[in-house]
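# An overview of the molecular structure
Each chain, written out:
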Amino acid sequence: DDPNSFCNDFKLSLRDVLSWAKFVADVYLKSKTVDKFSSYVHGASLMHLDGLGLGTGVSAHDAAATRNKAKEFLLRQISEQGAVDVVGFQDELKGIEESMVSTSDCFGVNPFTIPTGDEKIPASLGFNLTAPTTGLNLRRVLRGMQISKPILLEGSPGVGK
């Protein structure tokens, strides 16, 4: 729409598309809780939308506006196919506390969980996983942990990576 948008030159490479497709296939086929629609939109977030604006000189406002437009587009696509709701996609902070999962065999934020090890998780961790930034980062890291690829955590020293 905007001829001056930083996205005008944005193109998905074949590698980008294949990574997205691999996420969808891996998560949908391996998970008992993530449907194909959730896999599709969360794959787009992980592979393309989460990093919008990082290290590019694009303002946070422009990156957020572009991310929101992309999310609206993706939601329109899946609603045309019959999807009703996708947990933790449009508003990634919504329902973090209600979506927390902590059992003897898994930990996470719906729809993404990871298996727990043999060590017991203390009842009180001493920090709040549902605080806005922490909850958002937790959901994104858990989403990234659904596939066997390294995760690069970026940020200034001392910010809690």
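Further up the page is the structure itself.
All figures in this text were calculated on a predicted structure; none of them were measured in a lab.

### Digging into the pattern of salt bridges
Per the stated rule, a full pass over the model turns up one salt bridge. Between D26 and K22 there is a salt bridge, and its shortest N-O distance comes to 2.8 Å. Within this pair, D26 and its partner K22 are both found in helix α1 (residues 14-30), separated by four residues, close to a single helical turn. Taking the relative accessible area as the measure of exposure, D26 reaches 18% and is therefore buried.

### Considering the environment of A83
As for its position among the elements, A83 is in the loop between α3 (60-80) and α4 (96-99). Given the relative accessible area of 13%, A83 is considered buried. In this structure the C-alpha to C-alpha distance between A83 and F37, which are 46 residues apart in sequence, comes to 6.5 Å. Those residues within four positions of A83 in sequence are excluded, and the remaining contacts are F37 and I78.

### Quick notes on the pairing of strand β2 (residues 106-109)
Burial along β2 is two-sided: the face carrying C106 and G108 and the face carrying F107 and V109 are both buried. The sheet contact formed by strand β1 (residues 100-102) and β2 spans three bridges and is antiparallel. Paired with V101 across the bridge in β2 is G108. The turn linking β1 back onto β2 is made up of three residues. Where β2 and strand β3 (residues 112-115) come together, four bridges link them in antiparallel fashion. Bridge pairing in β3 places F107 opposite I114. Where β2 folds back onto β3 in an antiparallel hairpin, the turn is made up of two residues.

### Some points on the packing of aromatic side chains
Any aromatic ring pair is given by two values, namely how distant the centres are and how the planes are angled relative to each other. In the structure shown here, the tally under the stated rule is one aromatic pair. Both rings, one in W20 and one in Y40, keep their centres 5.2 Å apart while their planes meet at 25 degrees; by these two values the pair is stacked. Placement of the pair is W20 in helix α1 and Y40 in helix α2 (residues 36-49), with a sequence separation of 20 residues. The exposure class assigned to Y40 is partly exposed, which follows from its relative accessible area of 26%. Its end group placed over the ring of F89, K71 keeps NZ or CZ at 5.3 Å from the ring centre.

About the criteria used
- Residues numbered from 1 in each chain as written.
- Predicted model: local features only at pLDDT ≥ 70, side-chain atom pairs only at ≥ 80, totals over all residues.
- Heavy atoms only, no water.
- Salt bridge = Lys/Arg side-chain N within 4 Å of Asp/Glu carboxyl O.
- Helix = DSSP H or I, 4+ residues; strand = E, 2+ residues; numbered from the N terminus.
- Buried < 20%, exposed > 50% of the residue type's maximum accessible area, 1.4 Å probe, protein only.
- Contact = heavy atoms within 4.5 Å.
- Pairing = 2+ DSSP bridges.
- Phe/Tyr/Trp six-rings, centres within 6.5 Å; stacked < 30°, edge-to-face > 60°.
- Lys NZ or Arg CZ within 6 Å of the ring centre and 35° of its normal.

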